[in-house]
Amino acid sequence: MSRLGRVTDTGVGRALRARVGGWLRVLREDLWTFRADPLPPLLWLRWFPHGLLCLVAFGVTFGAVAQLVDNGGVGPQIAFLLGLAQGAAVLLALWRPIPAWWLSTVAMVLGAIEVRRQLLAGGAHDFTWPWTSAGIIGHLAVLLLLALRVRTRVSAEALALTVLLTYVVQGLLGAADYQPTGVLAVTLFAVVVVLGTALRGRREARAELFEQTTLTAEERTRRTLLEERSRIARELHDVVAHHMSVISIQAQVAPHLVENPPDELKENLAGIRQNALEALTELRRVLGVLRSEHPGPGEPPGPGGDTAGHAPQPTLDRLDALVENTRAAGREVITEINGERRPLPPGVELSAYRIVQEALSNVLRHAPGARATVRLTYQPDGLEVEVVNGRPTGPAPPSTGAGHGLLGMRERVAMLGGTMTAHPWHWDGFKVTAFLPDTPPADTPGTARSTDHTTDPRGGTP
């Protein structure tokens, strides 16, 4: 039994020493540090808290010196050093809260020991001890700044050590003929630590919420961008499919246009037709995937593209009908066409039509009563599209759209290698200008060339 008892005692003692050693290591890591943790300026008040704490530090120093000299019986030199240490702790807490807490605590202990000597000698009759009023105010400020910027565990450890030192000085050492302030000080310290911890948690929650909101906005923008690109790809399907069908038909008819065509020519044309048909089949499969994931207006979702809507894609020939629809909604729209009108590539015609359509939709939604001007300028190397609206006659109603109209315009322009600007115009108006080249760009397709540097105040995102 004695051997078992020794073994058990040894095991329990070893476990206890390990646990105590772990606690000491945690305390050393949390409180025995001199790392900087500056108090950031507030958003609106800026440096006002720093100036206020400087006034508090001055008041703590002056009040501590006056109390210790006049009522505590402490010599002027020692009182000045103690008061200066307590005031400096408040200032130091602006940048290094943990060392400031150590400085304030040590100043309290040294001051309490010196005042205790005066109390026992009868030189400090009925003095507040072990905490002076100035010392309580200074330590409150230090603990508040500490709780605002360190983890809750560190704040709790600092509060616990403060309570322990207060108990040791007042309860174990004791004095005579004094007014006890230990309970009041500990209560106030606990309230301040709880308040600072709550404010710190609220600040961290707001920062996390802001971060999540930012990530959500970025994800929404990315998803909208992908949806716009899918919609553009669906619209361009008819254009690409038409060209592939023409290639297939021409490859099939070409051998009949030549008398006695050689076998090599027949084989090459047959290969061209076969490749065109295979490419057209794969294109329809891709379109089926896009339509099944993001069905467009009037397109019923389905597993393939066969049952999806295949309405002809609009061109600039339908621009007049688009303008008439806008006029029917009660808006004045002026159309100007400059230069010699000529057929353009189907992709350019489709993109120009969609840009005008989206710009007029923005005018209807965000500029009530405003007059719009649609200007098409045919240039030797492309088409310039310009949509300008004047000043609205009233406030815009709340928009229920996604607010990404300009994003779709920019993607269409970037796809063709063009340029685009969108910015406020005279007297609260807005102007959208896009140049669409009629030849493919020399660089990599899809490279963004938009020069739009503004945010649409009517709800669009550039």
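Calculation rules
The residue numbers shown here count from 1 along each chain, following its written sequence. Predicted model: local features are reported for residues with pLDDT of at least 70 only, side-chain atom pairs are reported and counted for 80 or more only, and whole-chain, interface and lining totals are derived from all residues. To obtain the side-chain values, all non-hydrogen atoms of the structure were included, while hydrogens and water were left out. Think of a patch as exposed residues, more than 30% relative accessible area, with no salt bridge, where like charges cluster within 9 Å and nonpolar side chains (Val, Leu, Ile, Met, Phe, Trp, Tyr) cluster within 5 Å. Using the Shrake-Rupley algorithm and a 1.4 Å probe, accessible areas are obtained, with residue cover drawn only from the displayed protein chains. Here, a salt bridge means any Lys or Arg side-chain nitrogen found within 4 Å of an Asp or Glu carboxyl oxygen. A run of H or I in DSSP becomes a helix once it reaches four residues, and a run of E becomes a strand once it reaches two; helices and strands are each numbered from the N terminus. As used here, the term nonpolar core means buried Ala, Val, Leu, Ile, Met, Phe, Trp, Tyr and Cys residues forming a set that is joined through side-chain atoms within 4.5 Å. A simple rule labels every residue: compare its accessible area, found with a 1.4 Å probe on the protein chains alone, to the largest value its type can have, and call it buried under 20%, exposed over 50%, or partly exposed in between. Working rule for contacts: check all heavy atoms of both residues, and any pair within 4.5 Å makes them a contact. Note on aromatic contacts: the rings of Phe and Tyr and the six-membered ring of Trp form a pair at centre separations within 6.5 Å, being stacked when their planes are under 30 degrees apart, edge-to-face when over 60 apart, and tilted otherwise. Counted as over-ring charges are cases with an Arg CZ or a Lys NZ within 6 Å of the ring centre that also lie within 35 degrees of the ring normal. One less than the residue count of a helix, multiplied by 1.5 Å, gives the span that helix is expected to have.

### Description of a nonpolar patch on the surface
Together, Ile249, Val253, Leu257, Val258 and Leu265 make up an exposed nonpolar region whose accessible area comes to about 430 Å². Inspection of the secondary structure puts valine 253 in helix α7 (residues 182–253).

### Details of the nonpolar core
Generally speaking, nonpolar side chains in soluble globular proteins are found buried as a group. Ranked by size, the top nonpolar core spans 40 residues in total, and within it Leu68, Val115, Val142, Leu143 and Phe189 carry the most contacts. Residue assignment for this core shows that the elements contributing at least two residues are α2 (48–70), α3 (76–92), α4 (97–121), β1 (127–129), α5 (133–149), α6 (152–173) and α7. Among the elements that make up this core, the one with the highest residue count is α4 (8 residues). Sequence-distant contacts of valine 115, defined by excluding residues within four places in its chain, comprise Leu68, Val74, Phe127 and Trp129.

### Points about the packing of aromatic side chains
This structure, assessed with the given rule, holds 4 aromatic pairs. Taken together, a centroid distance of 6.4 Å and an interplanar angle of 15 degrees make the contact between phenylalanine 58 and phenylalanine 62 stacked. Here the residue phenylalanine 58 and the residue phenylalanine 62 both occupy positions in helix α2, the gap between them amounting to 4 residues, near one helical turn. One Lys or Arg, lysine 431, reaches over the ring of tryptophan 425 and ends 4.2 Å from the middle of that ring.

### So, helix α11 (residues 405–416)
For α11, with 12 residues, the first-to-last C-alpha span of 18 Å sits near the 16 Å given by 1.5 Å per residue. By the criterion of burial, α11 is predominantly enclosed, with 10 of the 12 residues buried. For α11, the set of buried residues is Gly405, Leu406, Leu407, Gly408, Met409, Glu411, Arg412, Val413, Ala414 and Leu416. At the exit of α11 stands glycine 417, carrying a positive phi of roughly 75 degrees.

### Some words on the environment of alanine 124
In this structure, alanine 124 sits in the loop between α4 and β1. On the accessibility criterion, alanine 124 (2% relative accessible area) is buried. For the pair alanine 124 and leucine 68, spaced 56 residues apart in sequence, the C-alpha separation works out to 9.1 Å. The contact partners of alanine 124, leaving out residues within four places of it in the chain, are Asn71, Gly72, Gln118, Leu119 and Asp177.

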